[in-house]
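Chain and residue survey
Here's the letter readout for the chains.
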Amino acid sequence: MTDQKKMNVPDGFSHQAFMSLDSTNKEAIRQLEAGAKSGLWITAGEQTGGRGRGGRVWVSEPGNLFSSLIYDCGKDIYTAAQLSFVSSLAVRETILEFLPDSDVKCKWPNDVLLEHKKISGILLESHSMGSDTTNHIIIGIGINVAHHPEITSYGSTHLNDHAKKCIMPDDVFYSLAQKMAFWIDIWQNNGFEDIRKKWLNCCKGLNEMITVRTSDQEVAGRFIDLDCDGALKLDTGTHIKLIHSGDVFFTS
Ligand code: BTN
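About the criteria used
Residues numbered from 1 in each chain as written. Predicted model: local features only at pLDDT ≥ 70, side-chain atom pairs only at ≥ 80, totals over all residues. Heavy atoms only, no water. Near = heavy atom within 4 Å. Polar contact = N/O pair within 3.5 Å; in protein donor to acceptor, adjacent residues only side chain to side chain. Areas by Shrake-Rupley, 256 points an atom, 1.4 Å probe, with all protein chains shown as cover. Helix = DSSP H or I, 4+ residues; strand = E, 2+ residues; numbered from the N terminus. Nonpolar A, V, L, I, M, F, W, Y, C, P; charged D, E, K, R; others polar. Pairing = 2+ DSSP bridges. Axes fitted to C-alpha atoms, helices over the stretch in contact; angles between N-to-C directions. Domains from an automatic or database assignment. Buried area = accessible area lost by both parts, 1.4 Å probe. Salt bridge = Lys/Arg side-chain N within 4 Å of Asp/Glu carboxyl O.

Glancing now at the site of the ligand. Taken together, 20 residues form the shell around the ligand, and within it Ser 23, Gln 47, Arg 51, Arg 53 and Lys 118 come nearest. Within the contact set of the ligand, an oxygen atom lies 2.8 Å away from a side-chain nitrogen or oxygen of Ser 23. Contact distances for the ligand include 2.7 Å between an oxygen atom and a backbone N or O atom of Arg 53. In the complex, 99% of the free accessible area of the ligand, which totals 420 Å², lies under the protein chains. When residues of the shell around the ligand are traced back to their parent elements, those giving at least two are helix 1 (24-33), strand 3 (65-71), strand 6 (117-127) and strand 7 (136-143). Looking at which element gives the most residues to the shell around the ligand, the answer is strand 6, with four residues. Residue composition of the shell around the ligand, by class: five nonpolar, eleven polar and four charged.

This paragraph deals with the sheet that holds strand 9 (residues 218-226). The strands that make up a sheet are held in pairs by hydrogen bonds between backbone atoms, and each pair lies either parallel or antiparallel. The strand order 11-10-9-8-12 describes an open sheet built from five strands, whose pairing is antiparallel. With partners counted over all chains shown, the strands left at the sheet margins are strand 11 (240-243) and strand 12 (247-250), one partner each. Each adjacent strand pair in this sheet contributes to an overall mean axis angle of 45°, direction not counted. With five bridges joining them, strand 8 (residues 209-213) and strand 9 adopt antiparallel strand pairing.

A word on the domain arrangement of the protein. Taken domain by domain, the protein comprises domain 1 (14-201) and domain 2 (209-250). When each unit is reduced to the centre of its C-alpha atoms, the spacing between domain 1 and domain 2 is 23 Å. Of the roughly 1200 Å² buried between domain 1 and domain 2 on both sides combined, carbon and sulfur atoms contribute 63%. Of all residues in domain 1, Lys 107, Trp 108 and Arg 196 bury the most surface against domain 2, accounting for 49% of the area lost on that side. One salt bridge connects Arg 196 with Asp 225, and the closest N-O pair in it is separated by 3.0 Å. Counting across the domain 1 and domain 2 interface gives seven residue pairs in polar contact (both at pLDDT 80 or more).

As structure tokens, then:
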């Protein structure tokens, strides 16, 4: 990407780039404590303590994108959780910008799959400080650009494995920053319904049999919908179950 205009974050956002960090999400918390404002993107060339969902490690070798956005959305914590769907749509479109003819799908709750393999993970965290009741949201986004770890039970992949020419993490970041600004705007102006519909249009497994592993059980059923809060609706055959957190496994 050579267009100079694209090498900036959109108006209303700022960016700090680091060579190496423990975790961009942790740095975001430190920056918040030091007075950082909403709209700050933090990127790192590598992470020595990358964090994944469910307390897992996010392997963070140089060459991939590690980014976090501090975003005060002015909404309660449950509504703010919708930002993981907003972010998934932005990540999906970022990948499509580099690989326009590829199959890129969202996976509940907040993964993005390229050709059915995980290429990105999103970790939303909230942070509040002292007597200030504001819930500052940190949206951590990792995108595999140069390589991928062989650790997920459903496979993973990276952008350069599918691209004709070498893509750099910085290029991916500037595209992501644009798409995030776009989808955040839609969410703020139109609410979750537009996001929900778009997400359902490009997710994997809708109307198919899936298994969801939650913290205390494994449930199988047909994935029939996303409810107005972003919970997954599963038809188990005997009842409709709403699932708020967990890991999805596809049968096909
Ligand atoms: C997942 O488990 O799928 C979520 C992974 C999120 C990884 C990103 S990389 C940038 C940010 N910093 C972190 O430590 N984690 C997130």
